[in-house]
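# Structure assessment
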Amino acid sequence: MNLFRLFTLTCVTVLAIAAPIRTNVVFILIDDFGYECVTANGGESYRTPVMDKLAANGVRLDQVHAQPLCTPTRVALMTGMNNKRNYTHFGHLDPQQKTFGHFFRDAGYATCVVGKWQLGNDLPGPALFGFQENCLWQLNRRPGRYRNPGLEINGKQVDFKQDEYGPDIVNDYALDFITRKKDQPFFLYYPMMLTHSPYDATPDSPDYLTAKSEEGTKKIGHFPDMVAYTDKLIGKVVAKLEELKLRENTLIVIMGDNGTGAGTPSRFKGRDVTGGKGSSLVWGTHVPGIANWPGQVTSGKVCGDMIEAADMLPTICEAAQVPVPADLKLDGRSFLPQLRGEKGNPKDALYVWYNPSGGPKAQYEFAHEARHKLYADGRLFDTVADDREQTPLKDADLSAEAKAARTKLQALLDANQGPREEYFVKQAVAFGGEAGVKKTKSAKKAATAAPKSEADPRVARFKERDADHDGKITYEEFQASMPDKKVAKERFEARDLNKDGNLSLEEFLATFPKTK
């Protein structure tokens with residue numbers, strides 16, 4: 001061997017040894033998927049063997065909390081900030097925001113988003129936020145998502161009419177992306193289309209080709225099949241990473257975007273529970289969390305630290321050594337040390353500002369830890385003993401633990417006081433349900449105006465009818481105090497401006513006559 005060849009071979013060998021292998025990240029967000037849905041968490045109604053195994057061989061995050069609804073969670077997740085700071089309105093992400101897509105792309109990663117978008121900005125949307133490739137549902141329209149779906153793939157609308165299954169199509173795109181980018185670092189953001197209603201048949205259901213879609217979440221329908229299929233699709237991603245020998249260099253993180261569809265019945269730790277999507281109850285915010293990275297995070301650990309959606313961005317960026325601009329002042333805090341078995345710097349409580357319409361004031365504002373929750377109006381609940389928040393704790397009866405919690409949570413609320421930035425307040429739009437925005441004059445006015453005084457008798461009446469204190473009145477709650485059920489139905493339907501089957505405070509105020 002001549003000296004030149006020997007020198008060249010030596011240099012290549014040294015470079016190969018010196019060059020660090022960069023970490024791939026796959027972040028999976030499951031739609032309308034509460035904590036009770038995963039068997040490893042204590043769920044008894046569904047089959048989740050893939051997630052259970054990832055949790056058993058990785059870290060099960062026991063106290064991950066999202067916003068009560070999908071868009072608010074996605075905005076916090078992608079930007080690392082709480083909604084008070086940068087949320088505009090449902091179905092939209094302000095184009096001036098920087099996301100984890102930007103940070104990974106700018107660090108030289110191949111970036112891709114597949115699944116459900118629901119963040120507006122038309123066909124260019126994903127590229128505006130750092131994603132070089134996309135295969136999505138609800139980018140600039142809202143056709144069906146399951147059998148015979150309508151999707152947007154890299155800027156083109158594509159409709160499927162041969163009984164294809166939407167979640168399969170986007171999963172196949174994800175597997176193809178991983179295969180094509182196996183020799184370079186990649187970031188795959190996978191906000192799944194499952195398990196949102198309608199609770200439709202899946203390709204593994206015997207009636208896939210004949211079942212009719214049924215909206216609503218009070219009946220279980222094919223929901224168990226949908227959960228099993230969600231788990232199966234996650235398994236395909238894991239298998240592809242293993243096939244390509246990428247598994248040990250890939251961090252997988254899984255969480256739900258909010259609680260299970262409102263009213264969805266499940267068995268959990270020996271009791272019957274119902275999904276709480278849209279509510280401020282733990283059943284609306286407590287979601288599964290799993291992190292798995294062979295050889296890099298501890299195996300079989302259960303982490304009970306308080307974690308929120310905004311914490312995911314700094315965590316995955318730290319894991320991949322992707323820099324985040326310091327001037328962003330994130331609300332999120334990395335929990336990577338805890339994943340590695342270290343103490344880290346965990347949050348001892350979380351602050352929540354939530355209003356799907358945006359605007360100046362929150363629909364729900366509270367601070368909470370694993371047991372206690374303090375609302376901005378002063379109500380304190382023990383959410384372990386009273387998970388439906390039926391009875392606020394009385395100050396005179398507080399235990400030493402509850403008193404300490406109140407003090408801590410009040411300090412967190414106080415630290416987050418102050419007006420919202422006018423730029424975001426001005427972008428408020430009345431929430432018209434997930435199918436679209438209802439831009440009626442009364443609803444628009446109700447969404448953008450500051451909430452009425454607590455002294456307003458209409459607010460008091462709203463609270464009386466909101467029996468479970470979840471911030472909305474169901475038909476059952478509305479008609480409970482009215483003997484004439486026909487009149488109750490007519491009045492309820494007239495006031496339900498967005499026709500979602502619930503009355504928000506905004507709708508109630510917009511349609512309830514003022515008292516003189």
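The structure under discussion appears in the preceding block.
Heads up: these notes are all about the structure in this document. Please read these numbers as outputs of a predicted model, since none were measured by experiment.

Time to look at the pairing of strand S10 (residues 265–268). Taking every second residue as pointing to the same face, the buried face of S10 carries Ser266 and Phe268, while none of Pro265 and Arg267 on the other face is buried. Note that S10 and strand S11 (residues 271–274) share 4 bridges and pair antiparallel. By the bridge assignment for S11, Pro265 is matched with Thr274. Taken together, S10 and the strand that follows it, S11, pair antiparallel across an intervening segment of 2 residues, in which Lys269 is found at a positive phi of about 50°.

So, about the packing of helix H2 (residues 49–56) against helix H8 (residues 223–243). Between H2 and H8, the shortest axis-to-axis distance is 7 Å and the interhelical angle comes to 55°. Relative to H8, H2 is oriented oblique. Contacts between H2 and H8 involve Pro49, Val50, Met51 and Leu54 from the first element and Asp231, Ile234, Gly235 and Val238 from the second. Among the residues making up the contact of H2 with H8, the classes are represented as 6 nonpolar, 1 polar and 1 charged.

This part takes up the packing of helix H7 (residues 166–180) against H8. Where H7 meets H8, the axes come as close as 10 Å, and the angle between the chain directions of the two elements is 15°. Here H7 is positioned roughly parallel relative to H8, judged by the angle of their axes. Where H7 crosses over H8, the two elements pack in a sense that is right-handed. In contact with Pro167, Asp168, Asn171, Leu175, Ile178 and Thr179 of H7, H8 contributes Tyr229, Leu233, Lys236, Val237, Lys240 and Leu241. Residues of the contact of H7 with H8, tallied by class, amount to 7 nonpolar, 2 polar and 3 charged.

This next bit is on the side chain of Asp200. Tracing the backbone through its elements, the reader meets Asp200 in the loop between strand S8 (186–191) and H8. Here Asp200 occupies a buried position and makes no salt bridge, while the nearest side chain of opposite charge, Arg147, is found at 6.9 Å. Separated by 2.9 Å, the side chains of Asp200 and Ser213 make a polar contact. If we ignore the near neighbours within four places in the chain, the residues touching Asp200 are Tyr146, Lys212, Ser213, Glu214, His222 and Met226.

Our focus in this paragraph is the pattern of salt bridges. All told, the structure shown has 26 salt bridges when counted by the stated rule. With its nearest N and O atoms 2.9 Å apart, the salt bridge here joins Asp159 to Arg141. Taken together, the residues Asp159 in strand S7 (residues 156–159) and Arg141 in the loop between strand S5 (133–137) and strand S6 (150–153) connect sequence positions 18 residues apart. For Arg141, a relative accessible area of 21% gives the class partly exposed. With a shortest N-O distance of 3.0 Å, Arg267 and Asp272 are connected by a salt bridge. A residue is classified by how much of its surface remains accessible, and Arg267, at 32% relative accessible area, is partly exposed.

The terminal C-alpha atoms of helix H12 (residues 400–415) lie 23 Å apart, and with 16 residues this matches the ideal 22 Å at 1.5 Å per residue to within 8%. Of the surrounding elements, those touching the buried residues of H12 are strand S16 (350–354), strand S17 (364–368), strand S18 (372–375) and strand S19 (380–382).

A few words now on unusual backbone geometry. A negative phi holds for most residues other than glycine; trans holds for most peptide bonds. The peptide bond linking Leu194 to Thr195 adopts the cis configuration, its omega dihedral lying at 10°. Here the residue pair Ser197 and Pro198 is connected by a cis peptide bond, since its omega of 5° sits within 30 degrees of zero. By the element assignment, Pro198 lies in the loop between S8 and H8. Despite not being glycine, Lys245 has its phi angle at roughly 55°, a positive value. Relative to the helices and strands, Lys245 is located in the loop between H8 and strand S9 (250–256). Notably, Gln321 is not glycine yet its phi reads approximately 55°, a positive angle. With respect to the element layout, Gln321 can be found in the loop between helix H10 (312–319) and helix H11 (336–339).

This next bit is on H2. It helps to recall that an α-helix has 3.6 residues per turn; residues three or four apart then point in one direction. Residues of H2 that are buried: Met51, Asp52, Leu54 and Ala55. Taken around the axis of H2, the buried residues stretch over an arc of 165°, which confines them to a single face. Looking at H2, the residues exposed on the side facing more than 90 degrees away from the buried face are Pro49 and Lys53.

So, about the sheet that holds S5. Spatially, the 10 strands line up as an open sheet ordered S7-S6-S5-S4-S8-S1-S9-S13-S2-S14, and their pairing is mixed. Every interior strand has two partners, whereas the edge strands, S7 and strand S14 (301–303), have only one. Pairs of neighbouring strands in the sheet enclose a mean axial angle of 15°, with direction left out of account. Here strand S4 (residues 110–116) pairs with S8 via 4 bridges, running parallel. Bridge assignment links Ala110 to a residue of S8, and that residue is Phe186. Lying over the sheet, helix H3 (residues 70–79) contacts strand S1 (24–30), S4, S8 and S9, oriented at roughly 165° with respect to S8.

What counts, and where the lines are drawn
- Residues numbered from 1 in each chain as written.
- Predicted model: local features only at pLDDT ≥ 70, side-chain atom pairs only at ≥ 80, totals over all residues.
- Heavy atoms only, no water.
- Buried < 20%, exposed > 50% of the residue type's maximum accessible area, 1.4 Å probe, protein only.
- Helix = DSSP H or I, 4+ residues; strand = E, 2+ residues; numbered from the N terminus.
- Pairing = 2+ DSSP bridges.
- Axes fitted to C-alpha atoms, helices over the stretch in contact; angles between N-to-C directions.
- Parallel < 35°, antiparallel > 145°, perpendicular 65-115°, else oblique.
- Contact = heavy atoms within 4.5 Å.
- Nonpolar A, V, L, I, M, F, W, Y, C, P; charged D, E, K, R; others polar.
- Left-handed = near helix turned anticlockwise from the far one by under 90°.
- Lys, Arg positive; Asp, Glu negative; His and termini not counted.
- Salt bridge = Lys/Arg side-chain N within 4 Å of Asp/Glu carboxyl O.
- Polar contact = N/O pair within 3.5 Å; in protein donor to acceptor, adjacent residues only side chain to side chain.
- Expected span 1.5 Å × (residues − 1).
- Arc of directions from axis to C-beta.

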